[in-house]
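Per-entry structural report
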Amino acid sequence: NAGVMQNPRHLVRRRGQEARLRCSPMKGHSHVYWYRQLPEEGLKFMVYLQKENIIDESGMPKERFSAEFPKEGPSILRIQQVVRGDSAAYFCASSPGTGGTVRMLNTEAFFGQGTRLTVV
Amino acid sequence: RKEVEQDPGPFNVPEGATVAFNCTYSNSASQSFFWYRQDCRKEPKLLMSVYSSGNEDGRFTAQLNRASQYISLLIRDSKLSDSATYLCVVKRVLTHSNYQLIWGAGTKLIIKP
């Protein structure tokens, strides 16, 4: 059972370009969380998605950022017109979505290895 | 005030010592709790879940105090390899079948030889 897969591991973009970050959750997981982490800082929640639904996007910047988790395929975090301040590590985590409330509450989230975005 | 708070540290501790740190949470509806460990430039990995009765895994002991709304992590006989950032996570039901994870910013631990 492969873990959470993120690609690319490293991404370099020039200012103004688009960045697409992909996250394939663990098999059987239907919940995906995206986080951003700046050097020497903690994880900053961005968005929480289930298949075809955005559950909570309270951490997403209002402009240039979008996320989706289609019925088929990985979750995508898209950053349009990147700026230097977007340079960070972007992690996604997945957790299962079925099994009953008690089981779900006691099940941890699993992280991918992250995508390190550098905007030059 | 953040919903989940941790002392950012760093905690500088000599090898072999015992170290403990807490994590406080403000929402009494929080239902489950975890400690994660994050090494520099790596992804967070689960260290241990925190159970109501407290639990131990080798040199690590986790405790939950619901009345005072905090969880703690105790590391005994610390090793150089314990140097990392320790993140606490609170999980609760958001809506039916949706679960929110609230992360602390982490406590940095440095074990010195």
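So, a few notes on the structure that sits alongside this text.

What counts as what
Numbers given to residues run from 1 along each chain, matching the order in which its sequence is written. Key to labels: chains lettered from A, ligands numbered from 1, both in the order written. The predicted nature of this model means local features are confined to residues of pLDDT at least 70 and side-chain atom pairs, given and counted, to a pLDDT of 80 or more, with totals for whole chains, interfaces and linings taken over all residues. By convention in this description, side-chain values take in all heavy atoms of the structure and omit both hydrogens and water. Secondary structure elements follow DSSP: runs of H or I of four or more residues count as helices, runs of E of two or more count as strands, with numbering from the N terminus. For a compact globule the rule gives 2.2 Å times the number of residues to the power 0.38, and the radius of gyration it is set against comes from C-alpha atoms. Each residue is placed in one exposure class: buried if its accessible area under a 1.4 Å probe, protein chains only, is under 20% of its type's maximum, exposed if it is over 50%, and partly exposed if it falls in between. Note on contacts: a residue pair is in contact if any heavy atoms of the two residues lie within 4.5 Å. Computed with the Shrake-Rupley method and a 1.4 Å probe, the accessible areas treat only the protein chains shown as cover for residues. Buried area: the sum, over both parts, of the accessible surface (1.4 Å probe) that disappears when the two are put together. We define a salt bridge as a side-chain nitrogen of Lys or Arg found within 4 Å of a carboxyl oxygen belonging to Asp or Glu. Here the nonpolar group is Ala, Val, Leu, Ile, Met, Phe, Trp, Tyr, Cys and Pro; Asp, Glu, Lys and Arg are the charged ones; every other residue, Gly included, is treated as polar. Pairing between two strands is assigned when DSSP locates at least 2 bridges connecting them. A pair of aromatic rings is counted whenever rings of Phe, Tyr or Trp (Trp by its six-membered ring) have centres within 6.5 Å, and the orientation is called stacked for planes under 30 degrees apart, edge-to-face for over 60 and tilted otherwise. Geometrically, a lysine NZ or arginine CZ counts as sitting over a ring once it is within 6 Å of the ring centre and also within 35 degrees of the ring normal. Comment: axis = line fitted to C-alpha atoms, over the contacting stretch for helices; angle = value between 0 and 180 degrees taken between N-to-C directions.

A count of helical and extended segments in chain A gives one helix and eleven strands. The linear arrangement of helices and strands in chain A, starting from the amino end, is β-β-β-β-β-β-β-β-β-α-β-β. Computed over the C-alpha atoms, the radius of gyration of chain A is 14 Å, within 12% of the 14 Å expected from 2.2 N^0.38 for a compact globule of 120 residues. Along the first, second and third principal axes, the C-alpha atoms of chain A reach 45 × 25 × 25 Å. Across the 120 residues in chain A, those meeting the buried criterion constitute 47%. Counted over contacts in chain A with a minimum sequence separation of 6, partners at least 24 positions apart contribute 54%. For chain A, the computed accessible surface area is about 6,100 Å², with 46% contributed by carbon and sulfur atoms.

Facing 25 residues of chain A, the contacting portion of chain B comprises 23 residues. Together chain A and chain B conceal approximately 2,100 Å² of surface at their shared face, both sides included; 53% is due to carbon and sulfur atoms. Across the chain A-chain B interface, the total number found is zero salt bridges. Put simply, the parts of the chain that give the side of chain A that touches chain B at least two residues each are strand E4 (29–37), strand E5 (43–50), strand E6 (53–56) and helix H1 (101–105) of chain A. A per-class count over the side of chain A that touches chain B returns eleven nonpolar, ten polar and four charged.

Next up on the list: the pairing of strand E5 (residues 45–50) of chain B. Residues and elements named next belong to chain B. In this structure, strand E4 (residues 32–38) lies alongside E5, joined through five bridges in antiparallel fashion. Residue pairing across strands places Arg37 opposite Lys45, the latter belonging to E5. Between E4 and E5, which pair antiparallel one after the other, the connecting turn spans six residues, and Arg41 there sits at a positive phi close to 65°.

Right, let's get into the packing of aromatic side chains. The relation between two aromatic rings is expressed through the spacing of the ring centres and the mutual angle of the planes. One pass over the full model with this rule turns up twelve aromatic pairs over all chains. Ring centres of A:Phe111 and B:Tyr36 lie 6.0 Å apart, and the angle between their planes is 80°; on these two criteria the pair is classed as edge-to-face. Taken together, the residues A:Phe111 in strand E10 (residues 110–111) and B:Tyr36 in strand E4 connect one chain to another. Judged by its relative accessible area of 2%, B:Tyr36 falls in the buried class. Among the aromatic residues, those joined into a ring-pair cluster are A:Tyr35, A:Phe45, A:Phe91, A:Phe111, B:Tyr36 and B:Trp103. One cation-aromatic arrangement involves B:Lys91 over B:Tyr99; the distance from NZ or CZ to the ring centre is 5.6 Å.

All right, on to the sheet that holds strand E8 (residues 70–75) of chain B then. Residue and element names in this part refer to chain B. Overall, antiparallel pairing links the five strands, which are arranged E1-E3-E8-E7-E6 in an open sheet. Taken across any chain shown, the strands that pair with only one partner, and hence form the sheet edges, are strand E1 (4–6) and strand E6 (55–57). Within the sheet, the average angular offset between the axes of one strand and its neighbour, ignoring direction, is 20°. Here three bridges tie E1 to strand E3 (residues 19–25), and the two strands are oriented antiparallel to one another. Paired with Glu5 across the bridge in E3 is Thr24.

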